[in-house]
Amino acid sequence: MDLCDRAPSYIRSIAPYQPGKPIAELARELGLDESGIVKLASNENPLGVSPMAAAAIARVLADLSRYPDGSGYELKQALSAKLGVAVDRIVLGNGSNDVLEMAARAFLSPATNAVYAQHAFAVYPLATQATGARGIEVAAREFGHDLDAMSAAIDADTRLVFIANPNNPTGTFIEPRAMRAFLRRVPANVVVVVDEAYQEYLPAELQADTVAWLGEFPNLVITRTFSKIYGLAGLRLGYALAHESVADLMNRVRQPFNVNSMALAAGQAALDDEAFVRRSREANFAGMAALTAGFKRLELPYIPSVGNFVTVRVGDGGEVFRRLLRRGVIVRPITGYGLPAHLRVTIGTEAENARLLQALEESLDG
Ligand SMILES: *Cc1c(COP(=O)(O)O)cnc(C)c1O
């Protein structure tokens, strides 16, 4: 259609994000009950929603006729107190996807570029392309970010570098010392977005106070989400932490009411629900041990992961994915990430992990 031909070519050539297959969709296709399906495809929290967040959502229902607080005052106060960061350094988003896009819209335009790694989160090329900027994909090293190659790829037109730490879908991690060395090498006029969607799952010995680095690196933007350990993926809530002038720029491209009332209230309550976060971490460590032990037993190589998911080599990823679907188990094929022989599996409950391993064993034979 001529009308669409007049849209910029960089918009017309966007290949949309491919989400995990919804449970309801597979249930319709197989004529199964939804309760019989296991979804380990979107890195959701298998323990559900933080109970304190659920209670907060219920309290908001009566006020839904009102617009949300567009400044997110109370949630920002809570984040500020918890993280030790000034309120004017926080940008709230409709999921962290939203803040990643704000960073792209604030800094990228045609004739500039953004640098990111092969096998890194799919939103980086998408957000880059939507601005007309060029994406520079840097080859991975052992499935993870090659920081030397990434800093070498930065040129005079580079405005942004995207890094997922831990990375999705590979689960690889850049240790704090290496990350700091990279931040020191990157030119001060290039923004480095460090996406910490899985930060809360890191074992204690890998955790570092990256928020404190903001004082040292005004070009650092940290993004985090309530979709993973806080169990609020359906509500859409995330945030960025940045130097106040960078946060101010990002807020200029933010929709006025991008975060809804229920998300604001639930996020604030979830931050206080330390018991839920602790339970989620412990279940994740136990589930990771169970799944990786199962992969070893099946002699399937996997990429060691520090997230709430693990990527396993199965041979023909697409074929094994379809065989698992027929057994009512949804995982994530990652051919689009350049990993056609692998599948990404979210850590589930004990029962879900057992079901996946059983179905996987059967699927390897046909
Ligand atoms: C899941 C995930 C996010 C979070 O996305 P939301 O929009 O907050 O749901 C961000 N980055 C990475 C690398 C992820 O895997």
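See above for the structure.
Residues numbered from 1 in each chain as written. Predicted model: local features only at pLDDT ≥ 70, side-chain atom pairs only at ≥ 80, totals over all residues. Heavy atoms only, no water.

Enquirer: Teacher, can you tell me more about the site of the ligand here?
Expert: Surveying the vicinity of the ligand reveals the residues Gly-95, Ser-96, Asn-97, Phe-121, Asn-168, Asp-195, Ala-197, Tyr-198, Thr-225, Ser-227, Lys-228 and Arg-236. Interatomic distance of 2.6 Å between a side-chain N/O atom of Asp-195 and a nitrogen atom of the ligand. Ser-227 has a polar side-chain atom sitting 2.6 Å from an oxygen atom of the ligand. When isolated, the ligand has an accessible area of 390 Å², and the protein chains bury 93% of it. Within the shell around the ligand, the residues separate by chemical class into three nonpolar, six polar and three charged. (Near = heavy atom within 4 Å. Polar contact = N/O pair within 3.5 Å; in protein donor to acceptor, adjacent residues only side chain to side chain. Areas by Shrake-Rupley, 256 points an atom, 1.4 Å probe, with all protein chains shown as cover. Nonpolar A, V, L, I, M, F, W, Y, C, P; charged D, E, K, R; others polar.)

Enquirer: Can you walk me through the packing of helix α6 (residues 96-107) against helix α10 (residues 244-252) in this structure?
Expert: Running from N to C, α6 and α10 cross one another at 95°; their axes reach a closest spacing of 8 Å. One finds that α6 runs roughly perpendicular with respect to α10. Across the interface between the two elements, Val-99, Met-102, Ala-103, Ala-106 and Phe-107 of α6 pack against Val-246, Leu-249 and Met-250 of α10. Here the residues of the contact of α6 with α10 are counted per class, giving eight nonpolar, no polar and no charged. (Axes fitted to C-alpha atoms, helices over the stretch in contact; angles between N-to-C directions. Helix = DSSP H or I, 4+ residues; strand = E, 2+ residues; numbered from the N terminus. Parallel < 35°, antiparallel > 145°, perpendicular 65-115°, else oblique. Contact = heavy atoms within 4.5 Å.)

Enquirer: Sorry, what's going on with the sheet that holds strand β6 (residues 191-195) here?
Expert: By way of backbone hydrogen bonds, the strands of a sheet pair with one another, either parallel or antiparallel. Taken in spatial order, the seven strands line up as β2-β8-β7-β6-β5-β3-β4 in an open sheet, and their pairing is mixed. The sheet terminates laterally at β2 (90-93) and β4 (134-138), the two strands that pair on one side only. Neighbour-to-neighbour, the strand axes of the sheet open up by a mean angle of 20°, direction not taken into account. Across five bridges, the pairing between strand β3 (residues 113-117) and β4 is parallel. Paired with Val-115 across the two strands is Ile-136, which belongs to β4. (Pairing = 2+ DSSP bridges.)

Enquirer: Please explain the packing of helix α4 (residues 51-60) against helix α11 (residues 261-272) as it appears in this structure.
Expert: Relative placement of two packed helices is described by the angle separating their axes and the distance separating the axes. It is the contact of α4 with α11, at a shortest axis distance of 8 Å, that shows an interaxial angle of 150°. Considered as vectors, α4 and α11 are oriented roughly antiparallel to each other. Seen along the crossing, α4 lies across α11 with a hand that is right-handed. Along the contact surface, α4 presents Met-52, Ala-53, Ala-56, Ile-57 and Val-60, while α11 presents Ser-261, Met-262, Ala-265, Ala-266, Ala-269, Ala-270 and Asp-272. Its residues assigned to classes, the contact of α4 with α11 comprises 10 nonpolar, one polar and one charged. (Left-handed = near helix turned anticlockwise from the far one by under 90°.)

Enquirer: Could you clarify how one ought to interpret the pattern of salt bridges in this entry?
Expert: Side-chain pairs of opposite charge can arise whenever the charged atoms involved come near each other. Going through the model one piece at a time under the given rule, you end up with 15 salt bridges. Close ionic contact of Arg-105 with Glu-101 constitutes a salt bridge, the shortest N to O distance being 3.3 Å. Pair noted here: Arg-105 and Glu-101 are both in helix α6, with a separation of four residues, about one helical turn. A relative accessible area of 38% places Arg-105 in the partly exposed class. When salt bridges that share partners are traced, they join Lys-21, Glu-25 and Glu-29 into one network. (Salt bridge = Lys/Arg side-chain N within 4 Å of Asp/Glu carboxyl O. Buried < 20%, exposed > 50% of the residue type's maximum accessible area, 1.4 Å probe, protein only.)

Enquirer: Please clarify how the sheet that holds strand β12 (residues 332-333) should be interpreted in this entry.
Expert: The strand order across the open sheet built from four strands is β9-β10-β13-β12, with neighbouring strands paired in antiparallel fashion. Looking at the sheet topology across the chains shown, the edges are occupied by β9 (302-303) and β12. Relative to the sheet, helix α13 (residues 317-326) contacts β12 and β13 (342-346), its axis offset from that of β13 by approximately 40°.

Enquirer: Explain α4 here, please?
Expert: Residues spaced three or four apart along an α-helix point in a common direction, a consequence of the helix completing one turn every 3.6 residues. If you check which residues of α4 are buried, you get Ala-53, Ala-56, Ile-57 and Val-60. With its buried residues spanning 105° around the axis, α4 presents them on a single face. Buried positions along α4 lie against α11. (Arc of directions from axis to C-beta.)

Enquirer: Would you mind showing me how to read the pairing of β3 here?
Expert: Side chains on a regular strand alternate between the two faces of the sheet. The buried fraction of β3 amounts to five of the five residues, a majority that puts the element mostly inside the structure. Residues Asn-113, Val-115 and Ala-117 of β3 are buried on one face, and the alternating residues Ala-114 and Tyr-116, pointing to the opposite face, are buried as well. Where β3 lies against strand β5 (residues 158-164), three bridges are found, and the strand directions are parallel. Counted as the bridge partner of Asn-113 is Thr-158 from β5.

Enquirer: What's the story with the packing of aromatic side chains in this structure? I'm lost.
Expert: In this structure the tally under the stated criterion is eight aromatic pairs. When the centroid spacing of 5.0 Å and the interplanar angle of 65° are considered together, the rings of Tyr-198 and Phe-309 count as edge-to-face. On the criterion of sequence distance, the pair formed by Tyr-198 in the loop between β6 and β7 (220-225) and Phe-309 in strand β10 (residues 309-313) is long-range, its members being 111 residues apart. Across this residue pair, the class does not change: Tyr-198 and Phe-309 are buried. Aromatic pair Phe-226 and Tyr-230: ring centres 5.0 Å apart, planes at 35°, arrangement tilted. On the accessibility criterion, Phe-226 (1% relative accessible area) is buried. Overall, the relative accessible area of 7% leaves Tyr-230 in the buried class. Among the aromatic residues, ring-to-ring pairing joins Tyr-17, Phe-121, Tyr-124 and Phe-162 into one connected group. We note Arg-180 situated over the ring of Trp-213; from NZ or CZ to the ring centre the distance is 5.4 Å. Over the ring of Phe-309 we find Arg-344; its NZ or CZ atom is 5.8 Å from the centre of that ring. (Phe/Tyr/Trp six-rings, centres within 6.5 Å; stacked < 30°, edge-to-face > 60°. Lys NZ or Arg CZ within 6 Å of the ring centre and 35° of its normal.)

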